[in-house]
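# Structure assessment
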Amino acid sequence: MSAHPRQRPSALSRRDFLRRSLGVAVALPSAAAILAACSKPGTTSSGGATTGTGARVLARPDDPVTLPMTQDPIPTDTPIEGGTLNVYNWDAYMYKKTLKAFEDEYGVTVEWTTFNNMEEGIQKLVAGQVEADVFFPTTDYIARLVEADLMQPLNHELIPNLAANCWPVFNDPGPYYDLGWRYSVPYTIYTTGVAYRRDRIDDAAAAAKGYELFFDPAFKDEVSYYDSYRDAIGMMLLRDGVTDANSSDPAAIGKAKDAILDMINGNGARLTINGTYAKLPEGEFSVSESWSGDIVGAKYYLPKGTPEDVLGYWYPEDKRGLVGNDTIVIPKAAPKPRLAHEFLNFFLDKHWGYQNFADWNGYQPPFTSIVPDKLVSDGVVPSTLASAVLDEKNFTTGYLQGELSADTDALWLDAWNEIQAGG
Amino acid sequence: MASGSQTVTRPGRRGRRDARERSGVSYPRWYWPSFTFPGILWLAVLFILPFYVVLSVAFGTVDPLFRLPLPVYQPWWWSLDTFQTTLEKFTSGDRIYLDPLIRTLVYVGLSSLICLVLGYSVAYYTARYAGRWRWLILVLLISPFWISYLMRIYAWQSLLQPDGYVNDALGVVGVTPIIWIGRPITVVLGLVYGYIPFMILPLFGFLDRIDQHLLEAGRDLGAGSFQTFRRVTLPLSKPGIIAGLVIVSLPMFGDYFTNNLLGSTSTSMYGNLIDSAVGQAGQGPEAGSLVLILIVLVMIPMLYYLRSTRRSTEAA
């Protein structure tokens, strides 16, 4: 049995011996691991993470954050690596033809590993189970990934397409969660609104009801709501007139929770993640909470013969609704960081980024070249879904959801647990 | 005979014992028990170690940065705080976890009963009357398992749509379309569909082994068909019934994707609570605590089963 500082020199009882043996036997048999085992887990660095979330300021649009540089970016003259680029992303979030074009241009192979939710994605990355060159986190994880020293800063000279093609809010001064875009580039932007079947609700009625559509008894058992606590509670906060989409007010969260339970128990709403793009086109749902990209991409799921104009999308006319974006980052341990920079630049290319969106994703990139009216006139977005197209103004008027403190997150999750348990 | 070892003998096999004694072969005391070693290793690696990890997660903590579960392997650092908080969600305040637990007990009870009634009928027919067709029937019963359970439940999800084939078929006899998804009856029938083969096969095994002569003796002594069934077949198949009930009900307690696909949050089961906690940041210890509480709960039917099989072995 390895020596343990807490082991008493006097004779141990058989129970003590077995108890301590088991604890140490399960731990890694290295000196470093044994030293780490001396102190209580969770109070020192684990997996590269450091404590100090209490000291770190949570980034907000009116309180933007410049992330610390943990190392120098790779030099501009680093040669582009060959071989296989490991991309760690959500499933079905990239167009295979765009990936193929990247592979052909650089003579490499792209290996795409997926995760089902951000917690799973982060867990595997932190534990080192996935070796990724490129990762797609949500904005609320960026600061934490930097604090845990799991990301590398970007060399801006290698990603000229960001400044050339993207909205200024993402490159100058940079997004509020990463001023100067030191670690991240934007991938897609989206609003969260209410999708509906236009053959069952007319546009004027939908516009008049807005968020109340979920509670309309005319659509009992035909309502879908996102099985995602930030989107679900966030939307009900707005419905109640709470404009802080990161609210830490227990009363406001409680009210939002009650509204969701009312929607489920009173109007037969179901929590799904594919309600908009898979079920609404089939007619199973009439009303569905929806990200803008889901409803734009839903046309590919319409049964044969069903016209595109059955799909409708409501979002507040004053653009004061939920808005967000996804990002692309390069993990610190990326085996091919130079090639990864090329990948980021490729997806920020006017042509390839647009192809990824228009021919597959439905999720719009924040390009200055994308003119909402042109998207409609080109048929990329049906005219009935014009409200699903974003412009830069969305990011000044909309409500962004950022990282929550541990206590606030616990409030949200407690409410969500009650919803999941049936109320 | 050397101390610490024993000569292997079997009553009634005098010839072999004499042969061994003549040859001088004797086995050490640990020899025959050592044959259990592969099984013990299997149990240790695939049950005890993972169970210890569950304990370490339940009584552990979370990483302060990402709030991922941080197992604490040293028992002296274990904390019962989260376990206590989880238990309180069943017993005090709004008791938000109590409803899913009661629902699970009801759904599992109902589904197991339906599995028993339907499964017994099928097993009885197959064992007693199917004759040369019995193996074909058994193969047909098992063949759906060649397709993953998830795919089969997805298929049912499609069939049970408001405009699905089930409603179309019911519409032929004048029934108006029913909303199936999200209803308790759909979840119960989904569980029955998924687990009934686990009831049929053990029952078939027991019913098939019942000695025909016992049944004939019952008839000879004046019992009618039903009486023979009630007083001979049914008692003899009791171990099979208990085995079948245990085999179907235990996994049902932890089932979550049947409700995910065919139900809704208002029909959420215990497994959905665990699934939800596993997927949320900061809730790892709560998920572990829920698993431990479930283990204690299902110990009750397990202990009854063990006691009942031990009694039957002793009686035999």
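Heads up: the structure comes first, above all this text.
Remember, predicted model here, so these are calculated numbers, not experimental data.

Before going further, it helps to examine empty space enclosed by the protein. Residue and element names in this part refer to chain A. In this structure the tally under the stated criterion is five cavities of 30 Å³ or more. There is about 80 Å³ of room inside the largest cavity. Forming the boundary of the largest cavity are Arg-56, Val-57, Leu-58, Ala-59, Thr-139, Asp-140, Ala-143, Tyr-176, Tyr-177, Gly-402 and Glu-403. In terms of residue class, the lining of the largest cavity is built from six nonpolar, two polar and three charged.

We now examine the packing of helix H9 (residues 229-239) of chain A against helix H10 (residues 250-267) of chain A. The description of two helices packed together rests on the angle between their axes and the distance between the axes. Residue and element names in this part refer to chain A. In contact at an axis separation of 9 Å, H9 and H10 are set at 105° when each is read in the N-to-C sense. By the angle between their axes, H9 is roughly perpendicular relative to H10. Each of Ala-232, Ile-233, Met-236, Leu-237 and Arg-239 in H9 lies in contact with H10, whose residues at this interface are Ala-252, Ile-253, Ala-256, Ala-259, Ile-260 and Met-263. Tallied by class, the residues present in the contact of H9 with H10 amount to 10 nonpolar, no polar and one charged.

All buried positions along helix H6 (residues 149-159) of chain B are accounted for by B:Tyr149, B:Arg152, B:Ile153 and B:Gln157. Along H6(B), the residues classed as buried sweep out an arc of 150° about the axis, all on the same side. If you follow the buried residues of H6(B), they end up packed against helix H11 (275-279) of chain A together with helix H8 (184-209) and helix H12 (257-262) of chain B.

Another aspect to go through is unusual backbone geometry. All names here are of chain A. With an omega of 10°, the peptide bond running from Asp-172 to Pro-173 counts as cis. Structurally, Pro-173 can be placed in the loop between helix H7 (168-171) and strand E4 (184-197). With a phi close to 60°, Ala-92 is a non-glycine residue in the positive phi region. Its identity as a non-glycine residue notwithstanding, Trp-181 has a phi of 35°, on the positive side. Position of Trp-181 among the secondary structure elements: in the loop between H7 and E4. Residue classification places Trp-181 among the buried residues on the basis of a relative accessible area of 6%.

What counts and how
Residues numbered from 1 in each chain as written. Chains lettered and ligands numbered in written order. Predicted model: local features only at pLDDT ≥ 70, side-chain atom pairs only at ≥ 80, totals over all residues. Heavy atoms only, no water. 1 Å grid on protein atoms, 1.4 Å probe; cavity = no way out; pocket = protein on both sides within 12 Å on 5 of 7 lines; lining within 4 Å. Points joined across faces, edges and corners; volume = space filled by probe spheres on them. Nonpolar A, V, L, I, M, F, W, Y, C, P; charged D, E, K, R; others polar. Axes fitted to C-alpha atoms, helices over the stretch in contact; angles between N-to-C directions. Helix = DSSP H or I, 4+ residues; strand = E, 2+ residues; numbered from the N terminus. Parallel < 35°, antiparallel > 145°, perpendicular 65-115°, else oblique. Contact = heavy atoms within 4.5 Å. Buried < 20%, exposed > 50% of the residue type's maximum accessible area, 1.4 Å probe, protein only. Arc of directions from axis to C-beta.

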